[in-house]
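Single-letter residue listing:
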Amino acid sequence: MPVGPFGIDPFIWAPLRLVIAVGLALFLVLNGALLQIYLERKIQAIIQDRLGPYHVGPFGLLQTFADALKLISKEDVRAAATDGWFFVAAPALVFCPMLASWAVLPFAQDIVGTNLNIGLLYLTTLGSMTVLGIVIAGWASNNKYALVGGLRSAGQLISYEIPQILALVSVALVVGSLSMIDITRSQTGPFVNVLILPFSFLIYFIAALAETNRTPFDLPEAESELVAGWLTEYSGMRWGTMLALSEYGNVTVVCAIITTLWFGGWQGPGVDAIPLLGVLWFTLKVYGFIVLMMWIRATLPRLRIDQLMSFCWKGLIPMALVNIVAVATLALAFPNSLVPIAIANWALVVVFVAGIPFVQRRRLKTLRARARASAAPAVHAAS
Amino acid sequence: MTFDFVEPVVFALLSIGVIAGGVAVVMLNRITAAALLMAFTFLCMAGMFVLLGAETIAAFQVLIYVGAITVLILYGVMFTKFSDGPRALFFQKQTPIAAVFVAAVAVPIVIVGTVSFTSAPPRPGGGDLPALATSVFTDFAFPFEIASVLLLAAMVGAIVLTRRDDPEEAAMRRRR
C-alpha cells in the first residue's frame, strides 16, 4: 500500500487535503474580515481622535464578533420588487471569485494551495469576475441608488483593471514567470522587486485601491451621495457576505499580491532555518499594506466620477504603457543587469509624482478660464 | 485505483452546461438572465480549455468574456428600454429559416471538426504559456497585428460616433 504524507493513503489524502485547504481558506477569510473591521474602526478612531469600540471585550476586541452574530441572526429582508434569483445570486457571485483566489496565495515555502504556472493571470481573472456580481446586485435591487452604484462600479472596475494588468506585466517581464512561487523565489536577499520596479508598484497600488472600492475610489457605494450604492437593498448576512467578507477578502488578496510581487512574499530573516516563519512574515507584510490602505481611507476624501475616469485614462494608463516600453526595452538591451531598469523606474516615479501638481495647475487654469468665459456673457446680459 | 473516470464526467457536465446555457440564452425572454447565462456558458467553455491543458486560454476567456464583455452587455442592457410584461419570443416567426441556417453552418463544422482535428492536445498539466506566446509572435504575428489594427479602428469609430460636443460650445449654442 502506498503511503502519502503523514502516513495516510494518498487516495484518502487527496480529497482530505482539499477539504483542509477549503476549510482553512474559509477560516482565514472569516477571521480576517472580523480582524480587519476591528482594525479599520480602531485606526480610523485613532486618526480622527476618537476612542473607537471599547465596550465589548478587552479593547473592544469582541465588538466585531458581536456584530457578526447580529448579522447572522437578522431577518432575511427582501423588497418585493427585487429581481428574484439575481438578488440571491449576486452575493455568491461576489464572494466565490474572492474565495477561489486564495488557492494560489503563497503563505510560505510549501504552504500554498497549488503552484499554478499562470498564478498571476488566474488572480487577475478572478479579480475581474467580481464586477459581474456587483453589476448584477445593482441591477437586481431595482433601486435607483443601487443601479447608479452598479453602473459606476462597472465603469470604474473595468477601467482600473487595465493599469493593474499593465503594472503586473512589467513584473512578469523582469521575473520571467507568472507563478507566485517563482516570483517569490526570484527575490532572495534584500533586493526585493520594489527597489527595481517602484513605479509599477505605485500604479498597481493606486489601481488596487480602485479595484477593491476603497476610499478615495469608493464611488460605487458612496454613503454620502448614494445611501450605500449597490448594497442599498441588502441587509443581514447577504450584506455581511458582500461587504464584510468579500470586500475585506479582496483587500487581503490584493495586499497578498503586492507582498508577493514587490516585497518578497514569505521571505524574511530566519526563514531558511524555520520555514514556518514564512507565514508570519507574509501575514505581517500583508497586514502592513492593509493598515496603509486604512490610513489612506482616513486621510483622503472621495473623488468625483469624472476625476476618477480621467485620472485612469489620461494618467495611469499612458504612464503604465511608458513603464512597460521602458522595462521591456531595457530588459532586452541589458539582459544581465537589473540596474538600468531600476534607474528608469525610479526616474518614472519622480516624473509621475512631480508631474501631478504641474498637470493639476494647468487643468485648474483651463477650468477657470472656461468658467470665466461662460460667465461673462451672462453678466453682460444681466446688466 | 485511478481517477481516469473523472475527466469524461467533467467533460459531460461542461458540455451540458455549454449547450444548455447557449439554448437558454437564445430562448429566454428576460435579457438580463440571458446575459448572465451567457457568462455561465463562457465559464463552461473555459472549463473545457482547462480540460484540454490550455489554462492560459481559459484564463483569458474568463478575463475578457466574463469579466469585461458580459459586464459591458449588462451595462448596455441597463440603458435600454425595459418592460416587465411577458413578450413574444423574438425569433418566433423565423424559426424554420433559422433552423436551416444553423444546420447549414453547424453540419460542415461538425464534419470538418471530426475529420481534421485528430492531433493530440498539448500536454496536460500546464506549460502552454511559452508555446502560446511563441506561436502568437512568430507564426501568427501578421493576423495578430491585423486584429489589433481592426480593434483600434473599431475603438476610434466608437469614439467618433459617440463623441459629445465641447460643453462650452454646446452652452453657447443653447444661449443663442
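Located above this text is the structure these notes cover.
Residues numbered from 1 in each chain as written. Chains lettered and ligands numbered in written order. Predicted model: local features only at pLDDT ≥ 70, side-chain atom pairs only at ≥ 80, totals over all residues.

### Digging into the overall build of chain A
Okay, step 1: When you go through chain A residue by residue, the secondary structure sums to 13 helices and 0 strands.
Okay, step 2: Walking chain A from its N terminus toward its C terminus, one meets helices and strands in the order α-α-α-α-α-α-α-α-α-α-α-α-α.
Okay, step 3: Taking 383 residues into account, the globule formula puts the C-alpha radius of gyration at 21 Å, and chain A, at 23 Å, falls close to it.
Okay, step 4: Oriented by its inertia axes, the alpha-carbon framework of chain A measures out at about 100 × 65 × 40 Å.
Okay, step 5: Relative to its full complement of 383 residues, chain A shows a buried share of 42%.
Okay, step 6: Looking at chain A alone, contacts between residues at least 24 apart form 76% of all its contacts between residues at least 6 apart. (Helix = DSSP H or I, 4+ residues; strand = E, 2+ residues; numbered from the N terminus. Rg over C-alpha atoms; globule rule 2.2 N^0.38 Å. Buried ≥ 20, exposed ≤ 12 C-beta atoms within 10 Å, placed from the backbone. Contact = placed C-beta atoms within 7 Å.)

### Comments concerning the environment of Leu 34 of chain A
All names here are of chain A.
Okay, step 1: Relative to the helices and strands, Leu 34 is located in helix H1 (residues 10-47).
Okay, step 2: On the basis of neighbour count, Leu 34 is assigned to the buried category, with 20 C-beta atoms found within 10 Å.
Okay, step 3: For the pair formed by Leu 34 and Ala 68, sequence separation is 34 residues and the distance between their alpha carbons is 8.0 Å.
Okay, step 4: Once residues lying within four places of it in the same chain are set aside, the contact partners of Leu 34 are Thr 64, Phe 65 and Ala 68.

### Let's talk about unusual backbone geometry
The general pattern is negative phi for most residues beyond glycine and trans for most peptide bonds.
Residues and elements named next belong to chain A.
Okay, step 1: A positive phi is found at Asp 49, a non-glycine position, where the angle reads about 60 degrees.
Okay, step 2: Relative to the helices and strands, Asp 49 resides in the loop between H1 and helix H2 (63-73).
Okay, step 3: Despite not being glycine, Asn 142 has its phi angle at roughly 55 degrees, a positive value.
Okay, step 4: Among the structural elements, Asn 142 can be located in the loop between helix H4 (119-140) and helix H5 (144-175).
Okay, step 5: You can call Asn 142 partly exposed: it has 16 C-beta atoms within 10 Å.

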